[in-house]
Amino acid sequence: MVDLSAVVDKLLDMEPDPIPEFILLKEFKGLGPDSREYQNAYDRVCGHRFVKEIESGQNERGFWPPFHGYSEDTIKRSLSLGLDKEHPCLRKASYYLVKVLNNEESWDQSEKQDNIRWWPEMFVPLVSAAMLSIIDPHHEILEQHRHRWASFTEVAFSQGNYDKQAESKAQHDYFGFVTKRTIPAYGYYNLLLLAPTDKAYFLSDATDRALVDYAMNEIDEIYYVYNRPLSELVPIGTEKRDSRDFCHWLRALSLVSQFKGWLKYKERYYEWVLSQRNEEGLWELPKKPRRFDFPLSDSWRTRKNRIIDSTIMVLRFLDNWKLY
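Quick caveat: nothing in here was measured; it's all calculated off a predicted structure.

Chemist: For this particular structure, what's the right way to read the state of the cysteines?
Modeler: Covalent bonding between the sulfur atoms of two cysteines is what defines a disulfide. Counted under the stated rule, the structure contains zero disulfides. Of all cysteine sulfurs, the one in cysteine 89 lies closest to cysteine 46, which takes part in no disulfide; the gap is 9.4 Å. In this structure cysteine 46 comes out as buried when scored by relative accessible area, which is 17%.

Chemist: Sorry if this is basic, but what is going on with the pattern of salt bridges here?
Modeler: Proximity of charged atoms lets side chains of opposite charge pair with each other. Enumeration according to the criterion identifies 19 salt bridges in this entry. For aspartate 173, the salt bridge goes to lysine 169, with nearest N and O atoms at 2.8 Å. Of this pair, aspartate 173 and lysine 169 both sit in helix α9 (residues 164-175), separated by four residues, roughly a single helical turn. An identical accessibility class is assigned to aspartate 173 and lysine 169; each is exposed. Linked through salt bridges whose partners overlap, the residues forming this network are Glu279, Glu280, Glu284, Arg303 and Arg306.

Chemist: Looking at this structure, I do not really get the environment of asparagine 115. What am I missing?
Modeler: Mapped onto the elements of the fold, asparagine 115 is located in the loop between α6 (88-101) and α7 (118-135). On the accessibility criterion, asparagine 115 (16% relative accessible area) is buried. For the pair asparagine 115 and lysine 180, spaced 65 residues apart in the sequence, the C-alpha separation amounts to 8.1 Å. With residues near it in sequence (within four places) discarded, asparagine 115 still touches Phe177, Val178 and Thr179. Within polar-contact distance, the side chain of asparagine 115 engages the backbone nitrogen of arginine 117 at 2.9 Å.

Chemist: Teacher, can you tell me more about the side chain of histidine 172 here?
Modeler: When you line up the elements, histidine 172 lands in helix α9. Discounting chain neighbours no more than four positions away, the residues touching histidine 172 are Phe177, Val178, Thr179 and Thr182.

Chemist: Where do I start with the packing of aromatic side chains in this structure?
Modeler: Think of a pair of aromatic rings as described by two things: how far the centres are apart, and how the planes are tilted against each other in angle. Taken as a whole and assessed by the stated rule, the structure comprises 37 aromatic pairs. Here the aromatic rings of tryptophan 107 and phenylalanine 123 are separated by 6.2 Å at their centres, their planes lie at 80°, and the arrangement is edge-to-face. One end of the pair, tryptophan 107, is in the loop between α6 and α7; the other, phenylalanine 123, is in helix α7, with 16 residues separating them in the sequence. Of the two residues, tryptophan 107 and phenylalanine 123, both sit in the buried class. Ring centres of tryptophan 262 and tyrosine 269 lie 5.8 Å apart, and the angle between their planes is 35°; on these two criteria the pair is classed as tilted. An aromatic cluster of three or more residues is present, and its members are Phe63, Phe67, Tyr96, Trp107, Trp118, Trp119, Phe123, Tyr188, Tyr189, Tyr223 and Tyr224. Just above the ring of phenylalanine 292 sits the side chain of arginine 291; from NZ or CZ to the centre is 5.7 Å. Between the NZ or CZ atom of arginine 316 and the centre of the ring of tryptophan 321, over which it lies, the distance is 3.9 Å.

Chemist: Got a minute to help me understand unusual backbone geometry in this structure?
Modeler: Excluding glycine, residues mostly carry a negative phi; peptide bonds, for their part, are mostly trans. Between proline 65 and proline 66 the backbone carries a cis peptide bond, its omega angle lying at -5°. Examined against the element boundaries, proline 66 turns out to sit in the loop between α4 (49-57) and α5 (67-80). Cis geometry marks the peptide bond from phenylalanine 294 to proline 295, where omega comes out at -10°. Here proline 295 is to be found in the loop between α13 (263-274) and α14 (303-318). The phi torsion at aspartate 108 lies on the positive side, around 55°, for a residue other than glycine. Among the secondary structure elements, aspartate 108 is positioned in the loop between α6 and α7. Its relative accessible area of 55% is what places aspartate 108 among the exposed residues. In this model, asparagine 320 sits at a positive phi of 65°, which is unusual for a non-glycine residue. Counting through the fold element by element, asparagine 320 comes out in the segment after α14.

Chemist: For this particular structure, what's the right way to read the packing of helix α12 (residues 244-256) against α14?
Modeler: Packed helix pairs are characterised by how far apart their axes lie and by the angle those axes make with each other. The geometry of α12 relative to α14 is characterised by a closest axis approach of 10 Å and an angle of 20° between their N-to-C directions. As far as their axial angle goes, α14 and α12 are roughly parallel. Handedness of the crossing formed by α12 with α14: left-handed. Facing Phe246, Cys247, Leu250, Leu253 and Ser254 of α12, the residues of α14 in contact are Met313, Val314 and Phe317. Class assignment of the residues belonging to the contact of α12 with α14 gives a composition of seven nonpolar, one polar and no charged.

Chemist: Whenever I open this one, the packing of helix α11 (residues 205-217) against α13 confuses me. Can you help?
Modeler: Between α11 and α13, the shortest axis-to-axis distance is 10 Å and the interhelical angle comes to 35°. Note on element contacts: α13 touches α11 through Lys264, Tyr265 and Tyr269, opposite Val212, Asp213, Met216 and Asn217. Partitioned by chemical class, the residues of the contact of α11 with α13 number four nonpolar, one polar and two charged.

The rules behind each value
- Residues numbered from 1 in each chain as written.
- Predicted model: local features only at pLDDT ≥ 70, side-chain atom pairs only at ≥ 80, totals over all residues.
- Heavy atoms only, no water.
- Disulfide = S-S within 2.5 Å.
- Buried < 20%, exposed > 50% of the residue type's maximum accessible area, 1.4 Å probe, protein only.
- Salt bridge = Lys/Arg side-chain N within 4 Å of Asp/Glu carboxyl O.
- Helix = DSSP H or I, 4+ residues; strand = E, 2+ residues; numbered from the N terminus.
- Contact = heavy atoms within 4.5 Å.
- Polar contact = N/O pair within 3.5 Å; in protein donor to acceptor, adjacent residues only side chain to side chain.
- Phe/Tyr/Trp six-rings, centres within 6.5 Å; stacked < 30°, edge-to-face > 60°.
- Lys NZ or Arg CZ within 6 Å of the ring centre and 35° of its normal.
- Axes fitted to C-alpha atoms, helices over the stretch in contact; angles between N-to-C directions.
- Parallel < 35°, antiparallel > 145°, perpendicular 65-115°, else oblique.
- Left-handed = near helix turned anticlockwise from the far one by under 90°.
- Nonpolar A, V, L, I, M, F, W, Y, C, P; charged D, E, K, R; others polar.

All quantities given are derived from atomic positions and should not be read as evidence of function.
This is the structure we're talking about:
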């Protein structure tokens, strides 16, 4: 296994910009908030123009309209830049999400579905709970939502294989209406919400393993994340394939890698990712992906910054950091 600490030291020697520097110190060097170095580095992040842009776009209610899509990406970007849950932007977003889950707020947004109840009763609470879970994974209001979606997942995999009909029936029975569009256990928001935390698991071991096996071997995509099978190894860049596919694939793997069942797949995929390093032992995406965690550096005009940001993305995956 590659010494990741040596990779981190190499990046720090490259004198990264304030945000990637803070990420490296906090996430990989173990620098804690009690130290003056941490506080100084975090102050530089909070004063950065990327963060100021996030602050200026947030409305008084606590989100960035429209919620579905833009607010979600902004929350994920805020976390990827290193902001903690006590930052004013994330604190206000959390407060807003709790109000949505308590039916005291709304998204001011809707989509037409085959059943009018699908959006407000199924989709909005699931997405809102998933977004809150990545800001404040231990918030007490999440328990009921995790229990709800975990129960559907347990039904879906009760026989060891995915049973869409049983899952749909469970959702119809629970919500009290029929809709053609039930929400699958391997969906993006389900994976976010049900990923284990440092304090709790939400699925049985057997269901956890069955879910991971199905995601890795059977599905053609994770909607909103990656539109190809996860099992296919993706190169960081070829003449025929856009290098940006690599980071979307890595994001999909990172969602699945949070579950216990990932352990049987870990070695194969980590070895492949390690093989995608350049001659300097680092990773480099030639093109900036359209994704919430790019850029971290002030600009992508220099190769140095491209390497730093690309390598941090991979380090987060290898270190089992959830890429949202």
